[in-house]
Amino acid sequence: MTIDHLDARLVALLAAEPRIGVLECSRRLNVARGTVQARLDRMAAKGVITGYGPDIDPAALGFDVTAFVTLHIRQVAGHVPVADQLALVPEVLEVHTITGGGDMLCRVVARSNADLQRVIDLIVDVQGVVRTESVIALDTPVPYRTLPLVRAAGG
């Protein structure tokens, strides 16, 4: 889907002020309320906008350690059963299938390095996981972001 400049401005406004309503968006963007609602509905239907929930900082909940864990899995049953089991581990925030030296990459959080060992043990216990390799993130100088991409796509 392509987005235009108004779509990009709308997304940027909602990213900056997620609690703002459709009517206030229309006022600030100088367009009709129906236009804002139609564009939001269209972008949501096309999967551009995937949610309106709050962003949660795991560190604020006491999960100060972030790690990336590469999984090597048995190829017999594929990645779906492994992913389904990983989804049951609360500290596993994301799972991606990848190319390269491993089969899957997980972003995980833990309360400490010792707690990270517990989380990795849970991952290794998942049927189909052969072994793992992990790296601990020291800092996040560029956090997950999509707004620059939206701005570039919107012209």
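Residues numbered from 1 in each chain as written. Predicted model: local features only at pLDDT ≥ 70, side-chain atom pairs only at ≥ 80, totals over all residues. Heavy atoms only, no water.

Per an unreviewed UniProt entry, the protein chain carries the name AsnC family transcriptional regulator and comes from Microbispora siamensis.

Residues and numbers for the side chain of Thr 70, please.
Of note, Thr 70 is situated in strand S1 (residues 65–73). The exposure class assigned to Thr 70 is buried, which follows from its relative accessible area of 17%. In this structure Thr 70 touches Ile 98, Gly 102, Met 104, Leu 105, Arg 131, Thr 132 and Glu 133, once residues within four positions along its chain are discounted. (Helix = DSSP H or I, 4+ residues; strand = E, 2+ residues; numbered from the N terminus. Buried < 20%, exposed > 50% of the residue type's maximum accessible area, 1.4 Å probe, protein only. Contact = heavy atoms within 4.5 Å.)

Outline the nonpolar core, listing residues and values.
In terms of nonpolar packing, the biggest core is built from 19 residues, with Leu 71, Val 82, Leu 86 and Val 108 touching the most fellow members. Counting residues per element, the ones that place at least two in this core are S1, helix H4 (80–86), strand S3 (104–110) and helix H5 (113–124). It is S1 that provides the largest number of residues to this core, a total of five residues. When near neighbours in sequence (up to four residues on either side) are disregarded, Leu 71 contacts Val 82, Leu 86, Gly 102, Asp 103, Met 104, Cys 106, Ile 123, Val 129, Arg 131 and Thr 132. Ranked by size, the runner-up nonpolar core spans 17 residues in total, among them Val 11, Leu 14, Leu 40 and Val 150. (Core = buried A, V, L, I, M, F, W, Y, C linked by side-chain atoms within 4.5 Å.)

Tell me about the domain arrangement of the protein chain, and please be specific about residues and values.
Examined at the domain level, the protein chain breaks down into domain 1 (5–54) and domain 2 (58–137). Here the C-alpha centroids of domain 1 and domain 2 sit 34 Å apart. (Domains from an automatic or database assignment.)

Explain unusual backbone geometry to me, and be specific about the residues and the numbers.
Generally, phi is negative for residues other than glycine and the peptide bonds are trans, each holding for most cases. Of note, Asn 30 is a non-glycine position whose phi angle comes to about 60°, a positive value. Relative to the assigned elements, Asn 30 resides in the loop between helix H2 (22–29) and helix H3 (33–45).

Can you lay out the side chain of Asp 7 for me, pointing to particular residues and giving the numbers?
Here Asp 7 lies in helix H1 (residues 5–16). A distance of 2.8 Å separates polar atoms of two side chains, one belonging to Asp 7 and the other to Arg 42. With sequence-adjacent residues up to four places away left out, Asp 7 is seen in contact with Arg 39, Arg 42 and Met 43. (Polar contact = N/O pair within 3.5 Å; in protein donor to acceptor, adjacent residues only side chain to side chain.)

An account of the pattern of salt bridges is requested, with residue identities and associated values reported.
Going through the model one piece at a time under the given rule, you end up with 10 salt bridges. Residue Arg 28 is joined to Glu 17 by a salt bridge in which the shortest nitrogen-to-oxygen separation is 2.4 Å. Highlighted residues: Arg 28 in helix H2 and Glu 17 in the loop between H1 and H2, separated in sequence by 11 residues. A salt bridge links Arg 107 to Glu 94, with the nearest nitrogen and oxygen atoms 2.7 Å apart. With Arg 107 in strand S3 and Glu 94 in strand S2 (residues 92–97), the pair connects residues that are 13 residues apart, well separated along the chain. For Arg 107, a relative accessible area of 28% puts it in the partly exposed group. A relative accessible area of 30% means that Glu 94 is categorised as partly exposed. (Salt bridge = Lys/Arg side-chain N within 4 Å of Asp/Glu carboxyl O.)

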